[in-house]
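This is what each chain is made of:
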Amino acid sequence: MLLMLAFGPALAERPAAFCDELVRRLPRVNRPLCLGAALEPGTGRSVKGVPLYSRDVRAEGAQLRVLVTGAIHGDELSSASVALHWIALAQLQPAAQMPQPVHWRFIPVLNPDGLMARPARRVNAHGVDLNRNFPTPDWAREAATYWERRTRKDPRRWPGPSPLSEPESRFLTQQIQSFKPHLIVAIHAPYGVLDFDGPSMPPSRLGRLYLDQVGIFPGSLGNYAGVHKGVPVVTVELPNAIRAPQEGEVRQMWLDLLRWMGEKAAMGLGGQAR
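Residues numbered from 1 in each chain as written. Predicted model: local features only at pLDDT ≥ 70, side-chain atom pairs only at ≥ 80, totals over all residues. Heavy atoms only, no water.

1. Details of the pairing of strand S3 (residues 64-70)
On any regular strand, side chains alternate: one points to one face of the sheet, the next to the other face. Buried residues dominate S3, accounting for 7 of its 7 residues. Burial along S3 is two-sided: the face carrying Leu 64, Val 66, Val 68 and Gly 70 and the face carrying Arg 65, Leu 67 and Thr 69 are both buried. Where S3 meets strand S4 (residues 102-107), 6 bridges bridge the pair, whose relative direction is parallel. Bridged to Thr 69 within S4 is Ile 107. (Buried < 20%, exposed > 50% of the residue type's maximum accessible area, 1.4 Å probe, protein only. Helix = DSSP H or I, 4+ residues; strand = E, 2+ residues; numbered from the N terminus. Pairing = 2+ DSSP bridges.)

As structure tokens, then:
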């Protein structure tokens, strides 16, 4: 049952209640970790009215802005888990971790309705694949053609009736426009690789994940932000959607990400949302 249906609209806006639900569903997430993330409800809401929680971690003097998203697909539970663990790591001496300070913005659960469903669902409450709902050029023709011909109208990959038809994809687009990130890191599962879209050279590996670009899809975040907006998008495809990586692997991915960002920051990481 979805969070709002289980607890009502008032409790749905309480981070503690949201954390209780996440702890019940997410692998390797306990209550202290989730509460320590200090998630804050923003103006965005899911189809069912659940707040789209986020957390900013900003080092003093930060100029580099990085947006991290998890669980755009509600059944990729491990992606939300890793995002919460990364918030904890970002809070540990954030100013000392980079050659230049970073302003992080984390949205660990972009699709709470899908994640809270029983069983968890890839799509949102309207049955839309949010990662095919972004306004890439020729979306009406290309997204429909891809869905009909390449996926044979797979309901798990329906791009929706129109670009940005969904409140969750609209919220993320607004975040990109207002936050103007220099880099977006999108955490997914379960392909066990790294993907990359946009300018700059991609990281060759994060932890045990190696670069193996999987293609460009109509309406995807990588296509929209990376290819057409010029914001580098690192897509982290964890090996398993249900089981989260061990603590050491989560930390190694984080350190490798910081190392790559440090190398690229010296030369200019890339553009920012325009």
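2. What about the pattern of salt bridges?
Oppositely charged side chains can pair when the atoms bearing their charge come close. One pass over the structure, following the stated rule, counts 11 salt bridges. In this structure, Arg 141 and Glu 142 form a salt bridge, with 3.6 Å as the shortest nitrogen-oxygen distance. On the basis of relative accessibility, which here comes to 52%, the residue Arg 141 falls in the exposed class. Each member of the salt-bridge network shares a partner with another, and the members are Glu 21, Arg 24 and Arg 25. (Salt bridge = Lys/Arg side-chain N within 4 Å of Asp/Glu carboxyl O.)

3. Some words on unusual backbone geometry
Along the chain, Arg 118 connects to Pro 119 via a cis peptide bond; the corresponding omega equals -5°. Along the chain, Pro 119 turns up in the loop between helix H5 (112-116) and helix H6 (139-150). For Leu 164, which is not glycine, the phi torsion reads 60° and is therefore positive. With respect to the element layout, Leu 164 can be found in the loop between H6 and helix H7 (167-179). The phi angle at Lys 180 is positive, at roughly 55°, despite the residue not being glycine. If you trace the backbone, Lys 180 turns up in the loop between H7 and strand S5 (183-188). Judged by its relative accessible area of 34%, Lys 180 is partly exposed.

4. Here we look at empty space enclosed by the protein
A probe as big as a water molecule, rolled over the atoms, marks out the empty space that is left. All told, the structure shown has 1 cavity of 30 Å³ or more when counted by the stated rule. The computed volume of the largest cavity comes to approximately 40 Å³. Lining the largest cavity, in full, are Arg 132, Ala 143, Tyr 146, Trp 147, Arg 157, Pro 159 and Pro 218. Residues that form the lining of the largest cavity fall into these classes: 5 nonpolar, no polar and 2 charged. (1 Å grid on protein atoms, 1.4 Å probe; cavity = no way out; pocket = protein on both sides within 12 Å on 5 of 7 lines; lining within 4 Å. Points joined across faces, edges and corners; volume = space filled by probe spheres on them. Nonpolar A, V, L, I, M, F, W, Y, C, P; charged D, E, K, R; others polar.)

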